[in-house]
Amino acid sequence: MSEALVAVETAGTDASVPAVSGARQFWRRLRAQRAALVAAAVVALLVLVALAAPLLTALEGQDPTTYHPALIDSARGGVPIGSFGGIGADHWLGVEPQTGRDMFARLVYGARVSLGVALAATVVQVILGIAMGVASGLGNRWVDLVLSRITDIFVSMPLMIMALALLAIVPNSFPRPVLVALIIALVSGWSTTAKMVRAQTLTLKSLDYVAASRLSGWSTWRTAVRELLPGLAAPVITYSALLIPSNISAEAALSFLGVGVKPPTPSWGQMLTSADVWYQAAPQYLLLPAAALFVTVFALTILGDGVRVALDPRAASRLRIGTGRKREARAETAVPKAETAVAKQKEDRT
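Rules of the game
- Residues numbered from 1 in each chain as written.
- Predicted model: local features only at pLDDT ≥ 70, side-chain atom pairs only at ≥ 80, totals over all residues.
- Heavy atoms only, no water.
- Core = buried A, V, L, I, M, F, W, Y, C linked by side-chain atoms within 4.5 Å.
- Buried < 20%, exposed > 50% of the residue type's maximum accessible area, 1.4 Å probe, protein only.
- Helix = DSSP H or I, 4+ residues; strand = E, 2+ residues; numbered from the N terminus.
- Contact = heavy atoms within 4.5 Å.
- Axes fitted to C-alpha atoms, helices over the stretch in contact; angles between N-to-C directions.
- Parallel < 35°, antiparallel > 145°, perpendicular 65-115°, else oblique.
- Nonpolar A, V, L, I, M, F, W, Y, C, P; charged D, E, K, R; others polar.
- Phe/Tyr/Trp six-rings, centres within 6.5 Å; stacked < 30°, edge-to-face > 60°.
- Lys NZ or Arg CZ within 6 Å of the ring centre and 35° of its normal.
- Left-handed = near helix turned anticlockwise from the far one by under 90°.
- Salt bridge = Lys/Arg side-chain N within 4 Å of Asp/Glu carboxyl O.

**Description of the nonpolar core**
Argument step 1. Residues I248, W268, Y285 and L293 are the most contacted members of the largest nonpolar core, which totals 32 residues.
Argument step 2. Those elements that place two or more of their residues in this core are helix 2 (16–31), helix 3 (34–51), helix 5 (103–138), helix 11 (220–256), helix 12 (268–275) and helix 13 (284–311).
Argument step 3. It is helix 13 that contributes the most residues to this core, nine residues altogether.
Argument step 4. Excluding residues within four positions of it along the chain, L293 makes contact with I248, A252, W268 and L272.

Okay, structure coming up:
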């Protein structure tokens, strides 16, 4: 038993070569999916635009909060003056109806809020879900029962109703983007992550190397960090990639209902809130944030599916776009045909 424990411990400490080979296999599988690469490029571009929002607006010479009353037609109810919502050299995407605020500046600053809230909520969801799932899976029967019932309660909570209730009682002085991220993270997402982590922990706990570490006297914390977390990395990363687009949609929905990020802080969902009355007079006011939301959620969904397939090659892609499945199918069918041809040649010779 001691030699087995030493071998297991040595394998756990000297994991540089398997980690490198595993990373190389992951990147090779991900590169084979063209749609996932395009989605990754789109996501990287969106993140770059969000980070460089002050620089981009400085190049345009505008900011997201300054009003331009001279650029709107008050006689027509505040419609932007000019074609296509006032698009020009000074305002690359036109101006906002009624206020005249620059649309490009509000769109790129809105990307910072939408992506920042979604990423922050995802981080909190993953950390809390891992902690609750591992504690429930490694704990005794009563710990597992209590934590599982708490998780079930949060799974059954409706996000929008709880968010409306919590946002109504929190003071306005609290930073609204931080509050929205915390509500999205604590009300939804983490409970599903915890149930998934608990199921994976129960599966890994029965394996020999985890049982050996526990029998050797390792603490629960050491066993979780050294033995369980590496095995949980793949499903957690996959689920995290799929949580981000759902969190972006949740932030947009809360802002659309008027309980999310408050003006003058721009947000894509907030821009959609008042765009429903302007879609005929100024359609770009509705189409621009809606297109930004659609492209972001769609790209993140495709990237998350590509990460899932790259981490688990046995799983088939749910999105049959650019995954090279025809090429893979031809390669899989070519091997049995070649083996059959070789066997037939041997029979003819004999």
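Back to the write-up after that little detour.
**What about the packing of helix 5 against helix 12?**
Argument step 1. Contact pair helix 5 / helix 12: the axes reach a minimum separation of 8 Å and the direction vectors enclose 130°. Classed by the angle they form, the pair helix 5 and helix 12 counts as oblique. Contacts between helix 5 and helix 12 pair M103, R106, L107, G110, A111 and S114 from the former with W268, Q270 and M271 from the latter.
Argument step 2. A breakdown of the residues in the contact of helix 5 with helix 12 according to their chemical character gives five nonpolar, three polar and one charged.

**A word on the side chain of H68**
Argument step 1. Assignment of secondary structure puts H68 in the loop between helix 4 (53–60) and strand 1 (72–73).
Argument step 2. For H68, a relative accessible area of 17% translates into the label buried.
Argument step 3. If we ignore the near neighbours within four places in the chain, the residues touching H68 are Q62, H91, T99, G100 and R101.

**Focus: the packing of aromatic side chains**
Remark: the centre distance and the inter-plane angle together describe each pair of aromatic rings, the angle taken between the planes.
Argument step 1. Enumeration over the complete set of coordinates arrives at three aromatic pairs.
Argument step 2. Between W92 and F104, the aromatic rings sit 5.0 Å apart at their centres with planes inclined by 55°, giving tilted as the arrangement. Of this pair, W92 sits in the loop between strand 2 (79–80) and helix 5 while F104 sits in helix 5, and the two are 12 residues apart along the sequence.
Argument step 3. A cation over a ring is seen here: R141 above W142, with NZ or CZ 4.9 Å from the ring centre.

**Looking at the packing of helix 5 against helix 9 (residues 190–205)**
Argument step 1. As a packed pair, helix 5 and helix 9 sit with axes 7 Å apart at the nearest point and diverge in direction by 40°. In terms of orientation, helix 5 and helix 9 fall into the oblique class. Helix 9 is crossed by helix 5, and the crossing has right-handed handedness. Along its contact with helix 5, which presents Q125, V126, L128, G129, I130, M132, G133, V134, S136, G137 and L138, the element helix 9 presents W190, T193, A194, V197, R198, T201, L202 and K205.
Argument step 2. Here the contact of helix 5 with helix 9 is built from residues that sort into 10 nonpolar, seven polar and two charged.

**Remarks on the pattern of salt bridges**
Argument step 1. Overall, the coordinates contain five salt bridges when judged by the stated rule.
Argument step 2. Among the ionic pairs, E96 bridges to R101, the shortest N-O distance being 2.8 Å.
Argument step 3. Taking the shortest distance from any N to any O, the salt bridge between D144 and R198 comes out at 2.8 Å. Within this pair, whereas D144 is found in helix 6 (residues 141–155), its partner R198 is found in helix 9, the two being separated by 54 residues in sequence.

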